[in-house]
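# Residue-level structural notes
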Amino acid sequence: MAAVAVAGIALTLGLVACGGDTVGGGGNGDVTTAEGGTASGKLTISNWPGYIDPGKNGTVAEFERKTGVSVDYVEDINSNDGFFGKLQPQLEQGESGGRSIFVVADYMAKQMYDLGYLQNINHSDLPTVFKTLLPTLQSPGFDPERKFSVPWQGGMTGIWVDTSKAPEIRSVNDLFDPKYKGKVTMLEELRETPALVMLAEGVDPAKASAEQWLKAIDKIKVAAESGQIRKFTGNEYTEDLTAGNIVAAIGWSGDASIIENENAEWRMPTEGCTQWMENMVIPVGAPNTAAALAWMDFVYQPEVAVDITEYVEYISPVQGVKDLLAKRGSELAESDIVFPTEEFTSKCTGQNTPPDLERVNEAWQEVLTG
Amino acid sequence: MGLKQRLVPYWLLGPGLLWLIVFFLVPMYFMGELALRSGTLTSGFTFDWAWANFPDSLSGHSEQIVRSFFYAGTATVLALLISYPLAYAIAFRAGRFKLVLLFAVIAPFFTTYLIRTIAWKTILSDSSPVVSVLQALALVPPDGRVLATSGAVIAGLTYNFLPFMILPLYANLERLDLRLVEAAKDLYSSSRQAFIKVTLPLTMPGIVAGVLLTFIPAFGDYINALVLGGTQQAMIGNVIQSLYLTQRDYPEAAALSFLMMALILVIVLIYIRFAGTSAFMGEEEDVA
Amino acid sequence: METLSRGWAWLRRNALPIYACIAVAYMLIPIVVIAVFSFGATPKGKLTFGLDNGFTTEYWSSAFSLPELNEALFTSLRLAALATVISTVIGTMMAIALVRHKFHGRGAANLLIVIPMATPEVVIGASLLSMFIYYSFALGFSTLLIAHVMFSISFVVVVVRSRLIGFDRHLEEAAADLGATPFATFRTVTLPLLAPGILSAALLAFALSIDDFVISNFNSGTTVTFPLYVFGVALRGIPVQVNVLATMLFVLIAIAVTLVLWQQRRAERLAAVRPEPIPIPGTAAAQ
């Protein structure tokens, strides 16, 4: 048996043969551009759940009928980090696991691009997109020339309030009031909760120093340890609101459809919110870039975009959707949440990455894991 | 013993060992190599014999390790107390209904971990009648809650790992010779004594198996803490999740994982020594 | 007074079965909750664990209307069945070798079996993934199967082993004395007596596979299993059909078990003989 064991170990060591000294460390310089062409064959898209209108008359089915492309629409993204963690080893090798598109947040798209995991996109392959894209989204901070990202849907992070129990909550600072002890939850996202707390203290998250981030994180830490904050959540706060376990939560604007509590209302904090946008990106190793580009262009047609937004109830990046909804007589056309005006979001900030990310993230994770 | 005879254990073990070596040891080797690297995802992980990763990760998360031990330990004890009589009943008093009861024990697994735990979250929500009853019984303070507390996490762990305790106990209890127990009752004249002196020792292998199968996975669990816990209930599993997926500090995640495995192995070895190696290693016994 | 002490005596005698019923009821509480709430009407078809919106059977009539859900459930069942068969066979063989035979490296083998159970799922999942990537092994059903068998083997071994320990060899010796070959002895004596242990182990392996999330998440590629599907949709609201299918599955298996029981009863009645193992002195007692 000992002999067998030794042989086994020798064999496996031989097989493994140390993979080099340094692993990872960003892309190797040349970024490829996704090739256009006529759409055909099979297309695999990874997206968040509930982010598209489903069924026989849904957008995917429509696209399949129109182009003859067979679409494998997989809803396997539950969190930006989780998805990244799952895909990173493959992306590192230039593989995308069969996917030609995924949908991730601004900062994640940038991170992936910097690591060399994404392909560039030619504007000439996306005529509809650049015709109907909202002007405010044409040149964002993280991708000024829209080289690698095309917006999908967006939203705002603010405060959900149970108006029957705590109608006076209007600012993130109110969440620290001891009379709501144990009845308040906050999001576990670094770029949302500490940023909102900083906004409430009068600090601009886009320009804050690492120390200011750490100070906000410390304030939250004290509140967590004292039991003021009940829990840090992903979107489980919707369950707690429905069950009446909490009176207020930091949460996302479009979640109205999953909160079964008619007293719950999304409020723009008095000091401003964070705004975010999820983006379609084409990864390295994407097997069918022509179809991917055709898809992106397809969903930017206003008649298609309006179906998506009507179901999903988040912010559409396409012009003309509001008017089409109004024509359909939908209440959504009047909604501040689905169609926020410039004025409404005047104090809002984007999803900012803190300076000295590792140190700040580590401090935040410590708060999250108690 | 002929050569063919001597080879029997090896080819019985062969497939399993091979599977475990290729699909467990080799990946573990990759992990171990990763634990000795330092750096970040963006700057690259360089292999530089970073042994410091081990003590660093331990000191940073000692609180969660202790907490995990406490939660898993309590849950295991509770599971044992709940499961032993149940397994006994299924083995000896169920007759025709053995299969039905065994199935009932497994059935909750078909609903997936998450839905089960969410169902409990609903049952234990602040405004539910169950919580009101618990408040009336003074098990919960009048304006207190069950969710987002250590109690909820332990209850969740206990519930979710009951089958892991029941099945090995049952498998072992089932072959218990009841006439030995009867004989003991004749000798000791008290059921309690008969139980302690005869039944318990004979069923020790089942208890050992059940305790190990429950404690070990419970220690590394993170879902119960995630769904039923609050801000101060994170277990070591949650920490490793966070290190791996959110902070992407793979070396520290790998180092902490190895430490966790080592810790569990130590606990297991101590426990086995205490419970008797024969109960675990399976030395041949001759039952007269 | 007489009835009270009678009642008390009855209670004492039946304490165990009563307790068992309570314990089993406790285990089934979430299933009841899930079943009840599969009848709850909700505006967007999302699960709310509340009946405030009324009672409806619409989700039962449209139970199979979500193709992704159906596919995910079917994939999980297929995967669990295959993984169970493979891991139970391999694990039982290992348990027999470990308990019945003395050989070099027994301690090492024992260790190798315990360690996977001690490893956090994130680590197993991620490290397996790294290895698959390194060797350019396509992710999907096969990688899931490999992973599921891997983590089940340890559990099977531990369960079967605890059944094997102290197993009475006399029956097998008797069979050998009667002229049976080792293989025949194994088939007709050892295996049937080992059956409860193997069954428990198989049930456990099945449960582990059908319920696994973390490891599957890393190694599934674009294949979606039932737990992966549920975790996914939990973000935007679990469709009520999930509850419906879970309840359906439970009911189906309950029916299957009942049928097996009924079959047994029928077979016994037809044979007009209740099967009782012949008690041999000094062996495992019959019921």
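Please read these numbers as outputs of a predicted model, since none were measured by experiment. For every chain, the first residue of the written sequence is number 1, and numbering continues from 1 onward in sequence order. Written order decides the labels, with chains lettered from A and ligands numbered from 1. Reporting of local features is limited, given that this is a predicted model, to residues whose pLDDT is at least 70; pairs of side-chain atoms are given and counted only at 80 or more, and all residues count toward the totals for whole chains, interfaces and linings.

### Some thoughts on the overall build of chain B
Where we set the bar: The helix count covers DSSP runs of H or I at least four residues long, the strand count covers runs of E at least two residues long, and both are numbered beginning at the N terminus. Partly exposed residues are those falling between the two cut-offs: more than 12 but fewer than 20 other C-beta atoms within 10 Å of their own, whereas 20 or more means buried and 12 or fewer means exposed, with C-beta atoms placed from the backbone. Contact between two residues is assigned when their C-beta atoms, built from the backbone, lie within 7 Å.
When helices and strands are counted, chain B shows 14 helices and two strands. Dimensions of chain B along its principal axes, counting C-alpha atoms only, are 75 × 70 × 30 Å. Counting every position in chain B, which comprises 288 residues, the buried fraction comes to 53%. Residue pairs in contact within chain B that sit at least 24 positions apart in sequence constitute 69% of those at least 6 positions apart.

### Things to note about the overall build of chain A
To be explicit about the condition: Using C-alpha atoms as the atom set, the radius of gyration is obtained and then compared with a globule rule of 2.2 Å times the number of residues to the power 0.38.
When helices and strands are tallied, chain A shows twelve helices and ten strands. Radius of gyration (C-alpha) of chain A: 23 Å, near the 21 Å computed for a compact globule of 370 residues. Counting only C-alpha atoms, chain A reaches 65 × 65 × 40 Å along its principal axes. Looking at chain A as a whole, 49% of its 370 residues qualify as buried. Put simply, 81% of the contacts in chain A that link residues at least 6 apart link residues at least 24 apart.

### Some points on the interface of chain B and chain C
It is common to give the size of an interface as the accessible area that goes away when the parts come together. Keep this limit in mind: Throughout, the ten residues Ala, Val, Leu, Ile, Met, Phe, Trp, Tyr, Cys and Pro are labelled nonpolar, Asp, Glu, Lys and Arg are labelled charged, and all others, Gly among them, are labelled polar.
Facing 81 residues of chain B, the contacting portion of chain C comprises 81 residues. The leading source of residues in the side of chain B that touches chain C is helix H1 (residues 3-35) of chain B, at 16 residues. Each residue belonging to the side of chain B that touches chain C can be placed in one class, and the counts come to 62 nonpolar, eleven polar and eight charged.

### A closer look at the packing of helix H4 (residues 67-100) of chain C against helix H7 (residues 141-164) of chain C
Residues and elements named next belong to chain C. Rules: Interaxial angles span 0 to 180 degrees and are taken between N-to-C directions of axes, which are lines fitted to C-alpha atoms, for helices over the stretch in contact. When describing relative orientation, an angle under 35 degrees is termed roughly parallel and one over 145 degrees roughly antiparallel, while 65 to 115 degrees is termed roughly perpendicular and anything else oblique. For any helix crossing, the convention is left-handed if the near helix is rotated counterclockwise from the far helix by under a right angle, and right-handed if that rotation is clockwise.
At a minimum axis separation of 6 Å, H4 and H7 run at an interaxial angle of 40°. Considering their axes alone, H4 and H7 lie oblique with respect to each other. By crossing handedness, the relation of H4 to H7 is classed as right-handed. Of the residues belonging to the contact of H4 with H7, the class tally is 19 nonpolar, six polar and one charged.

### Looking at the pairing of strand E9 (residues 264-267) of chain A
Residue and element names in this part refer to chain A. Heads up, the condition is: Any two strands are treated as partners once DSSP identifies two or more bridges connecting them.
The alternating pattern of E9 places Ala264 and Trp266 on a buried face and Glu265 and Arg267 on a face that is not buried. Pairing geometry for strand E5 (residues 150-162) and E9, over four bridges, is antiparallel. In the strand pairing of E9, Val161 is matched with Glu265.

### Description of the environment of Gly350(A)
All names here are of chain A. Locating Gly350 in the fold gives a position in the loop between helix H11 (321-327) and helix H12 (357-368). Residues Gly350 and Gln275, spaced 75 residues apart in sequence, show a C-alpha to C-alpha distance of 4.9 Å. Once you skip the residues sitting within four places of it in the chain, Gly350 turns out to touch Asp106, Gly141, Thr274, Gln275 and Trp276.

### Notes on the packing of helix H8 (residues 170-177) of chain C against helix H9 (residues 182-211) of chain C
Residue and element names in this part refer to chain C. At a minimum axis distance of 10 Å, the contact between H8 and H9 shows a crossing angle of 145°. You can see that H8 and H9 cross each other, and the crossing is right-handed. Of H9, the residues touching H8 (which contributes Leu171, Glu172, Ala175 and Ala176) are Thr185, Val189 and Thr190.

### Some remarks on unusual backbone geometry
Residue and element names in this part refer to chain A. With a phi angle near 65°, Glu313 is a residue other than glycine that sits in the positive phi range. For Glu313, the position within the fold is in the loop between helix H10 (302-312) and H11. You will see that Asp356, though not glycine, has its phi angle at about 55°, which is positive. In this fold, Asp356 is placed in the loop between H11 and H12.

### A word on the domain arrangement of chain A
All names here are of chain A. Selection rule: Residue ranges for the domains originate in an automatic or database domain assignment.
With domains assigned, chain A is organised as domain 1 (32-148 + 282-300) and domain 2 (155-275 + 348-368). Put simply, the middle of domain 1 and the middle of domain 2, counted by C-alpha atoms, are 30 Å apart. Every contact between the two is made by five residues of domain 1 and, on the other side, five residues of domain 2.

### Structural notes on helix H1 (residues 2-13) of chain C
Operational definition: Helix span, expected: 1.5 Å multiplied by one less than the number of residues in the helix.
Taking 1.5 Å of rise per residue, twelve residues should cover 16 Å, and H1(C) covers 17 Å from first to last C-alpha, within 8% of that figure. H1(C) sits mainly on the outside: zero of its twelve residues count as buried.

### Considering the nonpolar core
Convention followed: Nonpolar core, as used here: buried Ala, Val, Leu, Ile, Met, Phe, Trp, Tyr and Cys residues forming one set through C-beta atoms within 7 Å.
Judged by nonpolar contacts, the single largest core of 275 residues is most densely connected at Ala248(A), Ala292(A), Trp295(A), Ala87(B) and Val159(C). Lining this core are residues from two domains, each supplying at least three of them: domain 1 (32-148 + 282-300) and domain 2 (155-275 + 348-368) of chain A.

### Remarks on the environment of Val224(C)
Summarising the element assignment, Val224(C) is placed in the loop between helix H10 (214-219) and helix H11 (226-234). For Val224(C), a count of 21 C-beta atoms within 10 Å translates into the label buried. Sequence separation between Val224(C) and Ser154(C) is 70 residues, and the spatial gap between their C-alpha atoms is 25 Å. Beyond its immediate sequence surroundings of up to four residues, Val224(C) is in contact with Val74(A), Asp76(A), Glu68(C), Ala72(C), Thr75(C) and Tyr229(C).

### So, the confidence of the model for chain A
Interpreting fine coordinate detail is not advised for predicted regions of low pLDDT. The condition is simple: In predicted models, pLDDT denotes the confidence assigned by the predictor to each residue on a 0 to 100 scale.
For chain A, the average pLDDT comes to 84, and 92% of its residues sit at 70 or higher. In this model, residues 1-28 of chain A is a region of pLDDT below 50 whose contacts with residues beyond four sequence positions or in other chains number 35 contacts.

### Considering the environment of Pro167(A)
All names here are of chain A. With respect to the element layout, Pro167 can be found in the loop between E5 and strand E6 (184-187). A tally of 12 C-beta atoms within 10 Å means that Pro167 is categorised as exposed. Sequence spacing of Pro167 and Ser139 is 28 residues, and the spatial spacing of their C-alpha atoms is 38 Å.

### Focus on the confidence of the model for chain B
Residues and elements named next belong to chain B. When the pLDDT values of chain B are averaged, the result is 81; 92% of them are 70 or greater. Ranking the helices and strands of chain B by mean pLDDT puts helix H3 (residues 62-92) first, with 91, and helix H14 (residues 277-281) last, with 51. For the stretch residues 281-288, pLDDT sits under 50, and the model shows eleven contacts to residues farther than four places along the chain or on other chains. Model confidence for the complex: the whole-complex pTM is 0.80, and ipTM, which rates the interface, is 0.77.

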